[in-house]
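Single-letter residue listing:
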Amino acid sequence: MEPDVSIETSCMIRIAVLPVGTVPASVLRDYFSMFLRHHTIPLAAISSFYTEHQKSPFAHQPWDAGSIRFKFLLGGAPPSPWEDFQSNRKILAVIGICHCPSTPDLDSAVEQFTAACKNYSSALVQRCFAFCPCDSQLEDGGKKEDVLRLFPPADHQTLDIHLQTMMQEIAASLLMDFEKWVLKAESAGTILKTPLDSQASLSSEEVLKAKKRRLGRAQKTIGDYCLLAGSPVDASAHYSTALELARLTGDFFWYAGALEGSVCALLMDRVGHVDVVLEDEVKYQYNNVILHYRKSFIQDNAQRVSPLSFELEATLKLARFLCRSKLSKDVVELLTNAADGGKSLIDVNDRLVLFVEIARLFGTLGYQRKAAFFSRQVAQLYLQQDNKFAATSAMQVLAMTTKAYRVQSKASVSDPPCTKKQTGPSHTDSGKMHHHLIVSLFESQWSTLQMVVLREILLSAVRAGDPLTAWSAAARLLRQYYPLITPAGQNGLASALNNSAERLPSGTRSADPALPFVRLHSFPLHPSQMDIIKRSPAREDWWAGSAPSGPFIYTPFSKGEPNDNSKQELVWIVGEPVQVLVELANPCAFDLRVDSMYLTVHSGSFDAFPISVDLPPNSSKVITLSGIPTSVGPITIPGCTVHCFGVITEHHFRDVDNLLLGAAQGLVLSDPFRSCGSAKLRNLSVPSISVVPPLPLLVSHVVGGDGAIILYEGEIRDIWISLANAGTVPVEQAHISLSGKNQDSIISIPYETLKSVLPLKPGAEVILPLTLKAWQLGPMDFEIGGGRAATSGSTGRQFKNASVPTLLIHYAGPSTDSEDATIAKVSNLPPGRRLVLPLHVCVLPGMSLVKARLLSMEIPAHIGDGHPKPVHEEEDPASETVEESDRKMEKRLVKIDPYRGSWGLRFLELELSNPTDVVFEIGVSVQLDGTDDNNLPIDQDGNSEYGYPKTRIDRDYSARVLIPLEHFKLPVLDDSFFMREFCNEGSTSSSRSPSFSEKNTKAELNASIKSLISRIKVRWQSGRNSSGELNIKDAVHTALQTSVMDVLLPDPLTFGFRLTRDNSSPQQESGSKDSVLANDMAPMEVLVRNNTKEMIKMSLGISCRDVAGENCIEGGKSTVLWAGVLNGITMEVPPLQESKHSFSLYFLVPGEYTLVAAAVIEDANDVLRARAKTDSPDEPIYCRGPPFHVRVLGTA
């Protein structure tokens, strides 16, 4: 069988083109391509070379429209045993190609050509074309014009014209030789044999049958020469005669050959006029051809040479003809029958040609899989031959099948338009896939066949000595089908990769990646010191309105913009290192060593840093790849460059994303990352990356160390923060702000210090002082843990970073004064930056306030000669001695209430606990307003401050601290405490009915409580440098909420008693002046003080009781006599003044007695009713004074 056969093959003259002498391969290809352009020579063009020696046998030669066709065979072909059966199989002309610069000796060239022509006995014309001869060769070659034809040096166009003339001359010579042969065959006849006739011995009957068939075979051969001469009409006439004679003699084989020639003559006669009728006629006739070839096979089963190859050739010719009209169904049927018939072919070369032609025809129809299947059959036939050239052919044939099997090398695949490199976003949406990718993933399910194809390519490449192809096939096989390969097979492929790499030069690149699998994991957020903020040129506070960027200029949480991920933009800075996290997976059963790996950037504006990685079997790892942008503009990172198994490959993130999506949809075998135990990643939308000009870079650290600052609750401490410009651009704008929780814990912020150092040049440094006050821990600020905390050594509660305050420093470099044209072109206003500086403060539970209570105590006063004076009436401290002052200070904790007349005390009790490992000293101080006591320190607000003795609380102990509330009593009870305004402002009569707001009353009470609490300071100190203030606000507020009126407001009336005796009284001589004698009249007086700003009318009463609490004045068993009025005493006390009432008592029995004064206020106003906490206008207001003790002594 012959390759590339068609119906028109019967009319083509075969010409062997042979290199003569030394001809470079490229020159030979160039000259041979010139011959191919002259495969058809019109008959009208050869008339100048044609000479009719006698009447031509081609009576119907179409000189105007006919042509002679050539088929050039480079290197020639061996003679065929079937040349008598089909004349077109003969080599009828031999052309030699001689390159004169490479072969200077033309004589030897001519001799070599003559010797080569002896192998082609059927050649009628022999020419040797010598190209580019020199002058001496031109002279020498002119003597050999019978064989040698010289082509002087010229351009291609001139050479082409010269060659066309030579080919016309050859065509004319062949035509004249055909005429001679036909005339000779018609007159003398000829004996024509085929291998079918070459039997060892012929019977007499067979000899007679051969003689009868000779005439029909001669007519068929004459018809062949008519076709070769370009006369289809004459050919049809001779074929008709041959068909009739062959039918009569039963020569089915030659009958089929003549029928083939008649169909070719039909097509040649109607060239360019193909219609349905002609197609049907050709189809019918060729079916008869196939049938008669089969008959010739059936008729003589004992033949050693089968005509099956001609039957299959006829089938291929008809299939190729029907392919032109795209009659796919008929073609597929024909090719299927041919493939079945090919199983009976004896010659391996015939089967090789058959499968090649079937594959080509299926490929012409677009049936790529069928074409690939038969191509594999061809490759297997090549692999059966144990030589390097056959292995190379097998490798090349298999390479053509890889596209159909979807295992082609990436080097042969061009990127589809949707995935070409762009300057914008490099990643398509991970949720979308293109049609060709889905088809590829779906077809990957016939993995067993694909593995076989790749194994065959690997085997053929190893035999052919092509290490790069072998490495590529092993890489594709291992990467795509590792789940179906045993661990031993995986190790074998790894060895094949290493062995192939050893035969490759260092630095060899392959388009097909092997292992590991590489996917994009994430883009790390910029460190808090490198946040990038978009600048708003229209605002002075250019950072306002910009969301925290992380690495992105846009985030979905930015205000005023839609949530569109396509707007994400990753900003990198020239000269600053950047990082990209990628995840590697090794799903195979061997240790994988990646010699180097770095990010791929095709623009050349990025310096990537390579790293090496070791991956254990069936493992994954997230690594950081870094680099430095070197120029301004957009940048795209499609993947990574990996040096593994001795070859450099490029791994695209897009390919792995498509693979993982296919695995999720069940279209591919396995997810390599899930099989290695890696967690499923969310869909990562890769932003567009832009590189901006250099920016300033502030680097901060806390002076003294960047560790956590450990403070106890309420502790105050100064810290210093160092800011240094580590960039190459000065800082020209800077602003400090606060963020996060507990912002009020930063007492002082150095705004002016930072502004005073601007612009901060590169390398410059500034120290910013801050004052911190540790905040009060709440329930959410710590977690409960077992045992003692390791850091504090106190409780199991540990600090959470979420509660720390944060300093935000927005800063930027020059605005628009850049002289670089490139910078100005990219962005008129480079972005700024934000330094996020969390204050690493660890607040530990310190002194804790367990609870606060309000305590009240009354110690009855003894009646004496004098009345206790109020604080503002006491002696001038300047006139006191030091001892008197000390004694006075000792009594400040327990002193007589100046408004009640008794030893009345009110204390605020604070119960404190120390759960820490340190000792605290507690000091309580009270700010006094309007006090002229020179012994008290004066604070910065001008208020005097009184400090009580300090209290020491050891670790894990509690203590109670008492705070006297004597300084908080108001001197006057008026309506300003209860109301803002009255309906009748001018009315001061006692009968007015004011209306005041309950809301205002509560607000006034809260304001008073707040004022009271703010004046009490509980400070602590631990060690030499640790000090702070305890927050008692909430606890004290709760304790005072119900008793504030009793604490702050004086009683409307206060009562006091004193003795009014003269100095000569016997009581002065016999006893104390604070006691009286029994059986003696003791003159006394009661003092009633009005603490309001209005006149009070009242009814006063005085009672006396003994130690048992019984009334001593009234009743039948009274032990005290009196002189004067004790009950129903009507009095009017002026505002803020005192009134007196005198009386005398006569004690009959010595002992301890108690005097109590009480009064009922008449016509009480709203202030008095509010103080008495009554709303009824009819309810009497009753005021009772404190008890006063009287000590009665007996007489001797």
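Residues numbered from 1 in each chain as written. Predicted model: local features only at pLDDT ≥ 70, side-chain atom pairs only at ≥ 80, totals over all residues. Heavy atoms only, no water.

## Considerations on the overall build of the protein chain
Okay, step 1: Broken down by element type, the protein chain carries 27 helices and 49 strands.
Okay, step 2: Counting across all 1196 residues of the protein chain, residues that qualify as buried make up 50%.
Okay, step 3: For the protein chain, the accessible surface area stands at approximately 57,400 Å², while carbon and sulfur atoms represent 52% of it. (Helix = DSSP H or I, 4+ residues; strand = E, 2+ residues; numbered from the N terminus. Buried < 20%, exposed > 50% of the residue type's maximum accessible area, 1.4 Å probe, protein only. Areas by Shrake-Rupley, 256 points an atom, 1.4 Å probe, with all protein chains shown as cover.)

## Examining the packing of helix 9 (residues 308–323) against helix 10 (residues 328–342)
Okay, step 1: Where helix 9 meets helix 10, the axes come as close as 9 Å, and the angle between the chain directions of the two elements is 160°. The angle between helix 9 and helix 10 places the two elements in the roughly antiparallel class. Here helix 9 and helix 10 pass one another in a crossing that is left-handed. Across from Leu308, Leu312, Thr315, Leu316, Leu318, Ala319, Leu322 and Cys323 in helix 9, the residues of helix 10 making contact are Asp330, Val331, Leu334, Leu335, Ala338, Gly341 and Gly342.
Okay, step 2: Looking at the contact of helix 9 with helix 10 residue by residue, the classes come out as eleven nonpolar, three polar and one charged. (Axes fitted to C-alpha atoms, helices over the stretch in contact; angles between N-to-C directions. Parallel < 35°, antiparallel > 145°, perpendicular 65-115°, else oblique. Left-handed = near helix turned anticlockwise from the far one by under 90°. Contact = heavy atoms within 4.5 Å. Nonpolar A, V, L, I, M, F, W, Y, C, P; charged D, E, K, R; others polar.)

## A look at the pairing of strand 8 (residues 517–522)
Note on strand geometry: in a regular strand, side chains alternate between the two faces of the sheet.
Okay, step 1: The element strand 8 is extensively covered by neighbouring structure, given that five of its six residues are classed as buried.
Okay, step 2: Alignment of strand 8 against strand 11 (residues 578–586), held across five bridges, turns out to be antiparallel. Along strand 11, the bridge assignment pairs Ser522 with Leu581. (Pairing = 2+ DSSP bridges.)

## Comments concerning helix 12 (residues 368–383)
Okay, step 1: Between its first and last C-alpha atoms helix 12 spans 22 Å; for 16 residues at 1.5 Å apiece the expected length is 22 Å, and the two agree.
Okay, step 2: Of the residues making up helix 12, those classed as buried are Ala371, Ala372, Phe374, Ser375, Arg376, Gln377, Val378, Ala379, Leu381, Tyr382 and Leu383.
Okay, step 3: In this structure, the buried side of helix 12 is in contact with helix 10, helix 11 (348–365), helix 13 (388–405) and helix 15 (447–464). (Expected span 1.5 Å × (residues − 1).)

## Things to note about the sheet that holds strand 10 (residues 569–573)
Okay, step 1: With mixed pairing, the three strands of this open sheet are ordered in space as 10-19-16. The open sheet has two edge strands, strand 10 and strand 16 (633–635), and neither has a second partner. Direction aside, neighbouring strands of the sheet carry axes that sit 35° apart on average.
Okay, step 2: Where strand 16 lies against strand 19 (residues 688–692), three bridges are found, and the strand directions are antiparallel. For Ile635, the partnering residue across the bridge sits in strand 19 and is Ile689.

## A word on a nonpolar patch on the surface
Okay, step 1: On the surface, Val703, Trp720 and Ile767 cluster together into a nonpolar patch covering about 270 Å² of accessible area.
Okay, step 2: Looking at Ile767, the relative accessible area reads 38%, which means it is partly exposed. (Patch = residues over 30% accessible without salt bridge, like charges linked within 9 Å, V, L, I, M, F, W, Y side chains within 5 Å. Salt bridge = Lys/Arg side-chain N within 4 Å of Asp/Glu carboxyl O.)

## Observations regarding the pairing of strand 19
Okay, step 1: The buried fraction of strand 19 is high, at four of five residues.
Okay, step 2: The sheet contact formed by strand 10 and strand 19 spans five bridges and is parallel. Bridge pairing in strand 19 links Trp572 to Val691.

## Concerning the nonpolar core
Okay, step 1: Judged by nonpolar contacts, the single largest core of 181 residues is most densely connected at Phe70, Phe129, Met167, Trp572, Val582, Met597 and Phe645.
Okay, step 2: The biggest single contributor to this core is helix 4 (residues 156–188), with 13 residues.
Okay, step 3: Every residue in contact with Phe129, bar those within four places of it in the chain, is listed here: Phe35, Ile95, Gly96, Ile97, Cys98, Arg149, Phe151, Leu163, Met166, Met167 and Ile170.
Okay, step 4: Within the second largest apolar cluster, 39 residues are counted, among which are Phe1057, Val1088, Phe1143 and Ala1157. (Core = buried A, V, L, I, M, F, W, Y, C linked by side-chain atoms within 4.5 Å.)

## Some points on the pattern of salt bridges
Okay, step 1: Scanning the model with the defined rule gives 31 salt bridges in all.
Okay, step 2: The shortest N-O distance in the salt bridge between Arg247 and Glu244 comes to 2.4 Å. On the criterion of helical spacing, the pair formed by Arg247 and Glu244 is a turn pair, its members being three residues apart in helix 6 (residues 232–249).
Okay, step 3: Under the relative-accessibility criterion, Glu244 is labelled partly exposed at 38%.
Okay, step 4: Salt-bridge contacts for Asp531 lead to Arg834; the nearest nitrogen and oxygen are separated by 2.7 Å. Here the residue Asp531 occupies a position in strand 9 (residues 531–533), and Arg834 occupies one in strand 29 (residues 832–838), the gap between them amounting to 303 residues.
Okay, step 5: Its relative accessible area of 6% is what places Asp531 among the buried residues.
Okay, step 6: Here the residues in one salt-bridge network are Glu2, Arg14, Arg89 and Glu313, joined through shared partners.

## A short note on the packing of helix 12 against helix 15
Okay, step 1: Two numbers describe how helix 12 lies on helix 15: the axes approach to 11 Å, and their chain directions differ by 35°. In the crossing of helix 12 with helix 15, the sense of the turn from one axis to the other is left-handed. Note on element contacts: helix 15 touches helix 12 through Leu449, Val452, Val453, Glu456, Ser460 and Arg463, opposite Arg376, Gln380 and Leu383.
Okay, step 2: Considering only residue class, the contact of helix 12 with helix 15 consists of four nonpolar, two polar and three charged.

## Describing the sheet that holds strand 28 (residues 805–812)
Okay, step 1: Read from one edge to the other, the open sheet built from four strands follows the order 9-29-28-23, with strand pairing classed as antiparallel. Sheet topology places strand 9 and strand 23 (733–740) at the edges, where each strand pairs with a single neighbour. With strand direction ignored, the average angle separating the axes of adjacent strands in the sheet is 30°.
Okay, step 2: Both strand 28 and strand 29 contribute to a ladder of six bridges, which runs antiparallel. Bridge assignment links Leu808 to a residue of strand 29, and that residue is Val836.

## Comments concerning the packing of aromatic side chains
Okay, step 1: Taken as a whole, this structure holds 31 aromatic pairs when the rule is applied.
Okay, step 2: Taking the centre distance of 6.2 Å and the plane angle of 15° together, the rings of Phe362 and Tyr367 count as stacked.
Okay, step 3: The exposure class of Phe362 is buried, given its relative accessible area of 2%.
Okay, step 4: The interplanar angle of 85° and the centroid separation of 6.3 Å between the aromatic rings of Tyr712 and Trp1020 together place this pair among those described as edge-to-face. Of this pair, Tyr712 sits in strand 21 (residues 709–712) while Trp1020 sits in strand 38 (residues 1016–1022); the two residues are 308 residues apart in sequence, bridging distant segments of the chain. In this pair, the class of Tyr712 matches that of Trp1020, namely buried.
Okay, step 5: Of the aromatic side chains, those joined through ring pairs into one cluster are Tyr31, Phe35, Phe70, Phe72, Phe129, Phe131 and Phe151.
Okay, step 6: Above the face of the Phe85 ring, Lys220 is positioned so that its terminal group lies 4.6 Å from the ring centre. (Phe/Tyr/Trp six-rings, centres within 6.5 Å; stacked < 30°, edge-to-face > 60°. Lys NZ or Arg CZ within 6 Å of the ring centre and 35° of its normal.)

## Here we look at the side chain of Thr103
Okay, step 1: As for its position among the elements, Thr103 is in the loop between strand 4 (91–99) and helix 2 (106–117).
Okay, step 2: Residues in contact with Thr103, not counting those within four places in the same chain, are Val20, Gly21, Thr22, Cys98, Ala109 and Gln137.

## Thoughts on the confidence of the model for the protein chain
Okay, step 1: Averaged over the protein chain, the pLDDT score is 79; the fraction of residues at 70 or greater is 78%.
Okay, step 2: The spread of mean pLDDT over the elements of the protein chain runs between strand 27 (residues 797–799), the lowest at 40, and strand 14 (residues 611–615), the highest at 95.
Okay, step 3: Counting interchain partners and residues more than four positions distant, the pLDDT-below-50 stretch residues 415–435 has 28 contacts.
Okay, step 4: Across residues 885–901 the pLDDT falls below 50, and counting only partners more than four positions away or on other chains, this stretch makes 47 contacts in the model. (pLDDT = per-residue confidence, 0-100.)

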